[in-house]
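Inside the fold
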Amino acid sequence: MIYGTFVEAAGEFSRQTTFLSRAVGKGESRCPRYILIEPSDVEPGKLRGVATDGRRMHIVDPLACPDNIGLEAGNWRPLKMGGEHSWMAQIKSDAGIFPDYRRVIPQDEPLFTFELPGLPRGDLMGSMPYLVKFFREFPEPTAINMNYLNDLDHDFVWKAKWYGGDKAVLFESESRAAVIMPIHM
């Protein structure tokens, strides 16, 4: 792997890249092991970030990136994530083709919406009353990997949009979104 520019993210930009990195493919999966950075759909002149491991996808649009740090459209490898500072490196060698992620983001009207309050990070047991209510509210039995819910940023209230049994569940909060495929029951 050949790297180009290295970027240090700080503050909100660091929190955003950490959120994105939680959905980066791990190991020898066929999924991208990098974050796709591309022009924003929301704010002209800004950038958006997308990461997926094949079962979930995290999107931040727009990124709270200062203009002068060297971040540009392309493929970026998360190096160190978390806390107030994170680091990424631009991949200059062939990183493969990022999947056509836009086709899996639900576009029609959701059949059901629900607000999921900010949950204590890493404390699924403390979050259990909210999660039980969350899953019981769905019109049909729906199962979601609990680790994926735990990877949502917990300082936010998430609006969950349910589109039907085997369709992705969309979670939105401010500039962040997560698309999570349900577990087949």
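Above this text you will find the structure in question.
The structure contained in this document is the topic of the report that follows. (Residues numbered from 1 in each chain as written. Predicted model: local features only at pLDDT ≥ 70, side-chain atom pairs only at ≥ 80, totals over all residues. Heavy atoms only, no water.)

On the surface, Met1, Tyr3, Phe6, Leu79 and Trp87 cluster together into a nonpolar patch covering about 510 Å² of accessible area. Structurally, Trp87 can be placed in strand β6 (residues 85-91). (Patch = residues over 30% accessible without salt bridge, like charges linked within 9 Å, V, L, I, M, F, W, Y side chains within 5 Å. Areas by Shrake-Rupley, 256 points an atom, 1.4 Å probe, with all protein chains shown as cover. Salt bridge = Lys/Arg side-chain N within 4 Å of Asp/Glu carboxyl O. Helix = DSSP H or I, 4+ residues; strand = E, 2+ residues; numbered from the N terminus.)

In this structure, Thr142 sits in the loop between α2 (124-137) and α3 (146-150). A distance of 3.1 Å separates a polar side-chain atom of Thr142 from the backbone oxygen of Glu140. Among the polar contacts listed, one links the side chain of Thr142 to the side chain of Trp162, at a separation of 3.0 Å. (Polar contact = N/O pair within 3.5 Å; in protein donor to acceptor, adjacent residues only side chain to side chain.)

With respect to topology, 10 strands assemble into an open sheet ordered β1-β6-β5-β2-β3-β4-β10-β9-β8-β7, the strand pairing being antiparallel. Each edge of the open sheet is held by one strand with a lone partner, namely β1 (3-10) and β7 (112-116). Across this sheet, the average inter-strand angle for adjacent strands is 25 degrees, counted without regard to direction. In this sheet, strand β8 (residues 158-162) lies alongside β7 in antiparallel orientation, the contact comprising 5 bridges. In the strand pairing of β8, Glu115 is matched with Lys159. (Pairing = 2+ DSSP bridges. Axes fitted to C-alpha atoms, helices over the stretch in contact; angles between N-to-C directions.)

Scanning all chains against the criterion turns up 11 salt bridges. In this structure, the salt-bridge partner of Glu38 is Arg48, at a minimum N-O distance of 3.3 Å. Residue Glu38 is located in strand β2 (residues 35-39), and its partner Arg48 is located in strand β3 (residues 47-52); the two are separated by 10 residues in the primary sequence. Here Glu38 makes a salt bridge to Arg102, at a shortest N to O gap of 3.2 Å. One end of the pair, Glu38, is in strand β2; the other, Arg102, is in the loop between β6 and β7, and 64 residues separate them in sequence. Here Arg102 falls in the partly exposed class, since its relative accessible area comes to 38%. Salt bridges linked by common partners bring Glu38, Asp41, Arg48, Asp61 and Arg102 together as one network. (Buried < 20%, exposed > 50% of the residue type's maximum accessible area, 1.4 Å probe, protein only.)

To continue, consider the environment of Lys92. On the secondary structure map, Lys92 appears in the loop between β6 and β7. What makes Lys92 exposed here is its relative accessible area of 51%. Taking the C-alpha atoms as reference, Lys92 lies 8.0 Å from Asn75; in sequence the two are 17 residues apart. With residues near it in sequence (within four places) discarded, Lys92 still touches Ile2, Tyr3, Gly4 and Glu72. (Contact = heavy atoms within 4.5 Å.)

With 9 of 11 residues buried, helix α1 (residues 11-21) is to be regarded as a mostly interior element. For α1, the full list of buried residues reads Gly11, Phe13, Ser14, Gln16, Thr17, Thr18, Phe19, Leu20 and Ser21.

The values reported here are purely geometric and, on their own, carry no functional implication.
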